Amino acid sequence: MPDHFTLLLEWRRNEAAVRGLAKLPHDFYPSTQSYLAELKRSYETDLRENPSGRKGEISRQTYQRASALARDIVEGRVQKVLTAAFQASIGGARDLPNSLPEERSIFDQLLGTLLEHRRSVASYLEPGHPPSAPVAGRVANVPVAAPAANPAKPPPEAPPIVPSARSPSPPAFTYVRILKDQRPIEVGTETIDLRADDVVTLPPEQAKLLVEARIAEPIETHPTRPAT
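My aim in this report is to walk through the structure given alongside it, one point at a time. It should be emphasised that the depicted structure is a prediction, and the values quoted were computed from it without experimental measurement. (Residues numbered from 1 in each chain as written. Predicted model: local features only at pLDDT ≥ 70, side-chain atom pairs only at ≥ 80, totals over all residues. Heavy atoms only, no water.)

Right, let's talk about the packing of helix α1 (residues 4-17) against helix α3 (residues 54-89) for a bit. With their axes 10 Å apart at the nearest point, α1 and α3 run at an angle of 30° to one another. The orientation of α1 with respect to α3, classified from their angle, is roughly parallel. When you trace α1 past α3, the crossing you get is left-handed. Residues Phe 5, Leu 8, Leu 9, Trp 11, Arg 12 and Glu 15 of α1 lie in contact with α3, whose contacting residues are Thr 62, Arg 65, Ala 66, Leu 69, Ala 70, Asp 72, Ile 73, Arg 77 and Lys 80. (Axes fitted to C-alpha atoms, helices over the stretch in contact; angles between N-to-C directions. Helix = DSSP H or I, 4+ residues; strand = E, 2+ residues; numbered from the N terminus. Parallel < 35°, antiparallel > 145°, perpendicular 65-115°, else oblique. Left-handed = near helix turned anticlockwise from the far one by under 90°. Contact = heavy atoms within 4.5 Å.)

Turning next to the pattern of salt bridges. Considering all chains together, one arrives at nine salt bridges under this definition. For Glu 57, the salt bridge goes to Arg 60, with nearest N and O atoms at 2.4 Å. Highlighted residues: Glu 57 and Arg 60, both in helix α3, separated by three residues, approximately one helical turn. Residue Glu 57 is classed as partly exposed on the basis of its relative accessible area, which comes to 24%. For the salt bridge of Arg 77 with Glu 103, the shortest nitrogen-to-oxygen distance reads 2.6 Å. (Salt bridge = Lys/Arg side-chain N within 4 Å of Asp/Glu carboxyl O. Buried < 20%, exposed > 50% of the residue type's maximum accessible area, 1.4 Å probe, protein only.)

Tracing the sequence through the fold places Ser 89 in helix α3. Those residues in contact with Ser 89, other than ones at most four positions away along the chain, are Leu 111, Leu 114, Leu 115, Arg 118 and Leu 209.

Pasting the structure below:
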């Protein structure tokens, strides 16, 4: 069986080659943590025994390289989990193929947070949200005076003032630049592919979620056309 360092090289290569989560052994996190802890103890012991020795320096370099490999794998997978949670919060699938228990837990927490944020600050985006009911006006009770003996001819009534209808303002959209390739998202009836360096227009709420997930960066404009 290959040593753990060789496995880290292979796992990082596999992770970078796919858009979703690559397959990893179920004990990846605890086994990698134990491996790195053992490497650190080994090189520290070697350096204490012989600070200028070749063995201690090689062990230290191995530890640093292995740590960098493990970091690339973990950060790449966390980025994918973040993206999947955002997609699920706007109606995407909630399955997470090849996820490990630790990653599934993060996904569920992120999804819950995103859904709660959406419900609390943008409930109008939820399907079936009822429109706000109009506020009924009150009619003042005006006492009626007794008719005069010779009533004067009342002046003609002025026509009721009807407030002019205001045309609804066009919905606001936000320009963002996509920083990394991502899975397509649905905006209304459209499906948008997210490719690195693409500039797209999105509703403010979706644009904000992409920016918070570091999937996109805002562009300071005020577009009024639909998302592209």
